[in-house]
Amino acid sequence: MRLVVDLTRCQGYAQCAFLAPDDFTMQGQGEALLYDPEPADERRERVLRAAAACPVQAIVLDRGPARNGDRAAVPAPRRGGSTGDFLRTGRIVVVGASLAGARAAGALRYKGFRGSLTVIGDEAHDPYDRPPLSKQVQEGRVDAGHTGLPRRRAIEADWRLGVAATGLDLAARQVRLADGSSVGFDRLLIATGVRARPWPDPDEAALEGVLVLRTREDADGLARLLAGRPRRVLVIGAGFTGSEVASVCRTLDIPVTVAEAGAAPLVAALGGTIGAIAAEVQRDAGVDLRCGVRVSALEGEGGRLRRARLSDGSTLDVDVAVAALGGIRNVEWLEGSGLASGPWGVACDAGCRALDANGLVTDDVFVAGDVARAPQPAFGYQFLALEHWGNAVAQAEVAAHNMLSDQAHRWPHLEVPVFWSTQFGHEIKSVGVPNIADEVVVTQGSVPDRRFVAAYGRRGRLVGAVTVDHSTWLDFYKGQIERAAPFPPRWRTVDQPAALEPEPAGFPTHPSPTQDATVVLTGHDPDERRATLLPP
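Residues numbered from 1 in each chain as written. Predicted model: local features only at pLDDT ≥ 70, side-chain atom pairs only at ≥ 80, totals over all residues. Heavy atoms only, no water.

1. Notes on the pairing of strand β11 (residues 187–190)
Applicable threshold: Using a 1.4 Å probe on the protein chains alone, a residue whose accessible area is under 20% of its type maximum counts as buried, one over 50% counts as exposed, and one in between counts as partly exposed. Note on conventions: DSSP H or I runs of at least 4 residues are helices, E runs of at least 2 residues are strands, and numbering of each starts at the N terminus. A pair of strands counts as paired when DSSP detects no fewer than two bridges linking them.
Along β11, one buried face is formed by Arg 187 and Leu 189 and the opposite face, lined by Leu 188 and Ile 190, is buried too. Relative to β11, strand β5 (residues 91–95) runs parallel, the two being bridged by 4 bridges. The residue of β11 that forms the bridge with Val 95 is Ile 190. Sheet topology note: the β11/strand β25 (residues 361–367) ladder contains 3 bridges and is parallel. Bridged to Leu 188 within β25 is Val 365.

2. Describing the pairing of strand β30 (residues 439–446)
As paired elements, β30 and strand β31 (residues 451–458) share 7 bridges and run antiparallel to each other. Bridging across to β31, Ser 446 finds its partner in Arg 451. Between β30 and β31, which follow one another and run antiparallel, lie 4 residues, and Arg 450 among them has a positive phi close to 60 degrees.

3. Quick word on the sheet that holds strand β24 (residues 353–355)
Quick note on the threshold: As a rule, the C-alpha atoms of each element are fitted with a line to give its axis, helices using only the stretch in contact, and angles between N-to-C directions run from 0 to 180 degrees. Pairs of residues are marked as contacts when any of their non-hydrogen atoms sit within 4.5 Å.
Across the sheet, which stays open at both edges, the 6 strands sit in the order β7-β6-β5-β11-β25-β24 with mixed pairing between neighbours. Only two strands of the sheet have a single neighbouring strand rather than two, namely β7 (158–161) and β24. Strand-to-strand twist across the sheet, computed as the mean angle between neighbouring axes with direction ignored, equals 30 degrees. In the packing of helix α4 (residues 99–110) onto the sheet, contacts are made with β5, β6 (116–121) and β11, and the angle to β6 comes to roughly 175 degrees. Contacts from helix α9 (residues 389–403) reach β5, β11 and β25, with the element oriented near 140 degrees to β25.

4. Focus on the side chain of Thr 493
In this fold, Thr 493 is placed in the loop between α10 (474–482) and β33 (503–504). In this view, Thr 493 contacts Thr 443, Gln 444, Trp 473 and Phe 476; residues no more than four positions away in its chain are not counted.

5. Regarding the packing of aromatic side chains
We describe a pair of aromatic rings using the distance from one ring centre to the other and the angle between the two ring planes. Just so we agree on the cut-off: Pairing of aromatic side chains requires ring centres within 6.5 Å, counting the rings of Phe and Tyr and the six-membered ring of Trp. Pairs whose planes differ by under 30 degrees are stacked, by over 60 edge-to-face, and all others tilted. Two thresholds decide whether a charge sits over a ring: the Lys NZ or Arg CZ must be within 6 Å of the ring centre and within 35 degrees of the ring normal.
Evaluated as defined, the whole model comprises 8 aromatic pairs. Consider the rings of Trp 389 and Trp 420, whose centres lie 5.8 Å apart with planes at 65 degrees: the pair is edge-to-face. Residue Trp 389 is located in helix α9, and its partner Trp 420 is located in strand β28 (residues 418–423); the two are separated by 31 residues in the primary sequence. Among the aromatic residues, those joined into a ring-pair cluster are Trp 473, Phe 476, Tyr 477 and Trp 491. Above the ring of Phe 86, the side-chain terminus of Arg 187 is found at 4.1 Å from the ring centroid.

6. Description of the side chain of Glu 244
Selection criterion: Here a polar contact means two N or O atoms within 3.5 Å. Within protein one must be a hydrogen donor candidate and the other an acceptor candidate, and residues neighboring in sequence count only if both atoms are side-chain atoms.
Along the polypeptide, Glu 244 turns up in helix α7 (residues 240–251). With relative accessibility at 6%, the residue Glu 244 sits in the buried group. Side-chain polar atoms of Glu 244 contact the side chain of Ser 134, separated by 2.7 Å. Once residues within four sequence positions are removed from consideration, Glu 244 is found in contact with Ser 134, Lys 135, Ser 421, Thr 422 and Gln 423.

7. Observations regarding the sheet that holds strand β17 (residues 295–301)
One open sheet holds the 3 strands; their spatial order is β17-β18-β19, and the pairing between them is antiparallel. Of all the strands in the sheet, the pair left with one neighbour each is β17 and β19 (315–317). Pairs of neighbouring strands in the sheet enclose a mean axial angle of 25 degrees, with direction left out of account. The sheet contact formed by strand β18 (residues 304–310) and β19 spans 3 bridges and is antiparallel. Looking at the pairing, Arg 307 lines up with Asp 317 of β19.

8. Focus: α10
In an α-helix there are 3.6 residues to a turn, and that puts residues three or four apart on one side. Residues of α10 that are buried include every one of Leu 474, Tyr 477, Lys 478, Gly 479, Gln 480 and Ile 481, and no others. On the buried face of α10, the contacting elements are β28, β29 (426–432), β30, β31 and β32 (461–468). Phi turns positive, to about 55 degrees, at Ala 484, one or two residues after α10.

What follows is the structure, encoded as structure tokens:
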């Protein structure tokens, strides 16, 4: 049995923890949920009761032992869109056996596609869930190999796992693979996601004890190192992954230092004002947090990490260093394909159709998940790449629908982004796009009690909200964002401060290297002019 909790929907009612306490655990003030992705067979009935009792139906689980290659369930009937011939004989290729790729493959079958479906993935595993890798796996609650994604129905497809895509020929409609073969397609979905950014010095990165955290193998390696009780762990970067690793270290009573080049933890996602609160939480938990500090060098003896030198002049004796430096979008295989792809991701329209280098929409190539960079109508039509679990799921559903639909029946991807993080006994949830805001204000709860809601505004409109152990209100703020509610908020809610006093949000002002494309224009007449991407 496999399960996953959609924590974008979970509101901390704790019915699951009451009915199946061996498989669901609430931490902290009762909103930070951890769970076992593969419960033991003898606990199956309890888990099923817990799933049925969830007020928001956030628990997704297998109903039976579905495996790749099994016969798919009877698909839902189609209404409009693709012709019957394509549904029966078309060829669809999904590159990326990720959360987005797997969700899209399942949706294609469910929506009536019975033609050839090929899923290509560079990892040898079936699709698996990544959030537990930095939480349950590191605490020793779950084995890294037991994080497979549940399937409520089998997905009948040709699964090409353990072989990477190396090129795309749009004219010939062929995806080239690392084993020298090619796969033809009529329609293609790109869902290659991101990989962890490695420590930049290759020799230092090769030291035993220096690692990143993205894959099952990474998670298994870190869990083994933490089980060995290192003298001290160094976490390089205080984003969500880095902060979650630091949280696990403190749960295991392992000394940990976090080196963050920015002014505060989570500053790129939540801004400096809320990031300062996150810094207090970390220090209260016993984290040696160093903000405005970089790691100058990692040093080893006999091939093992022994110490780190920091930009503040200090030296740390460490056995483990986790480079939590963000992600690199997996787009190299698209070089020369003619698509608008680069370090920022793969550009697409709101219907997940890829754009080519000239800015023209392609009809048969689609993009979904972390690698997609799409315009967000609710946020000024900015092209945003969102590395969120919920966004990957929602975008995959839209992409699958549009791959089987004509122009008149296609959907736009208008889902308001939601993401979460469990750290230091708190559940942090975000809705909207806080990091485009210029101001923030606490609208509910108490910052000293570490239970509050912060609303984010841009030019007089609400664009995001962050809750700390107050997620019951998340849907309310989502609705306000969808309505373009004014900022500061004008509505009355419970446990509201006497006065709403907005502050600068405090997001970094330096431009991100992944935000803009560099192109050159060639030709003179309109029919000759073309845009060509310049590699970084």
